[in-house]
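# Observations on chain architecture
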Amino acid sequence: MQDQLTTAKNRFEPAKIAELQVLDKRLQAASEILGKHIAITPIFQALQAVTMKSVQYTNFGYSLTNDKGSTQILVTMKGITVGYLPVALQADLFAKNKNFIDPVFSNLNLDDKGNVLFDLNFSVDPSFVDYKQTLLTASAGN
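So, a few notes on the structure that sits alongside this text. Model, not experiment: these values are computed from the prediction.

Our focus in this paragraph is helix H4 (residues 84–96). The end-to-end C-alpha distance of H4, which contains 13 residues, comes to 19 Å, matching closely the 18 Å that a straight helix rising 1.5 Å per residue would cover. The complete set of buried residues in H4 reads Pro 86, Val 87, Gln 90 and Phe 94. Looking straight down H4, one finds its buried side chains confined to an arc of 100°; they lie on one side. For H4, exposure combined with an orientation more than 90 degrees from the buried face picks out Leu 85, Ala 95 and Lys 96.

Shown next, in the form of structure tokens:
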């Protein structure tokens, strides 16, 4: 019986099993990393769609914070436009976009040419920049 047990055990190829266990750990690690990865390209696409032609952005930055286990994405931008009315209209367009949370236009100032300079801060819905969701959306579009 001992010989039969040893023969049966060797049929399972212990080296192959060990190799597959290592592969499984690598796949789990890769899935975990991809699950936490974000893609900011949807932000740029949404900005392109929502920004009026008379508005220019001169600075873009974003930061990630982890609040109670969920990632928060905060976008900070600076911009310039030809007057105060475009700022108000642009604020309305941002407010209508469900992926941009609490957009705030602030620090409105005139430059030496009479253009309005402004700061813009908003949060982004984390599901909007989820890498896995971005891949699924891109695959569905093709």
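Time to look at the packing of aromatic side chains. Geometrically, a pair of aromatic rings is defined through the distance of the ring centres and the angle of the planes. One pass over the full model with this rule turns up 7 aromatic pairs. Residues Phe 44 and Phe 60 carry aromatic rings whose centres are separated by 4.8 Å and whose planes lie at 45° to one another, so their mutual orientation is tilted. You can see Phe 44 sitting in helix H3 (residues 41–50) and its partner Phe 60 sitting in strand S1 (residues 55–67), a full 16 residues away along the chain. A network of ring pairs unites the aromatic residues Phe 94, Phe 100, Phe 105, Phe 118 and Phe 122 as a single cluster.

To continue, consider the sheet that holds strand S2 (residues 70–81). What the 4 strands build is an open sheet, ordered S1-S2-S4-S3; its pairing is antiparallel. Two strands lie at the open edges of the sheet, namely S1 and strand S3 (100–110), each paired on one side alone. Averaged over all adjacent pairs, the angle separating strand axes in this sheet is 15°, with direction ignored. Where S2 and strand S4 (residues 116–124) come together, 9 bridges link them in antiparallel fashion. Residue Lys 78 lies in a different strand from S4, and its bridge partner there is Asp 119. Against the sheet, H4 engages S1, S2, S3 and S4, with an angle of about 170° to S3.

Right, let's talk about the pairing of S2 for a bit. Judged from the 12 bridges that link them, S1 and S2 form a sheet pairing that is antiparallel. Opposite Ser 63, over in S2, you have Leu 74 as the bridge partner.

Thresholds, definitions, all that
- Residues numbered from 1 in each chain as written.
- Predicted model: local features only at pLDDT ≥ 70, side-chain atom pairs only at ≥ 80, totals over all residues.
- Heavy atoms only, no water.
- Helix = DSSP H or I, 4+ residues; strand = E, 2+ residues; numbered from the N terminus.
- Expected span 1.5 Å × (residues − 1).
- Buried < 20%, exposed > 50% of the residue type's maximum accessible area, 1.4 Å probe, protein only.
- Arc of directions from axis to C-beta.
- Phe/Tyr/Trp six-rings, centres within 6.5 Å; stacked < 30°, edge-to-face > 60°.
- Pairing = 2+ DSSP bridges.
- Axes fitted to C-alpha atoms, helices over the stretch in contact; angles between N-to-C directions.
- Contact = heavy atoms within 4.5 Å.

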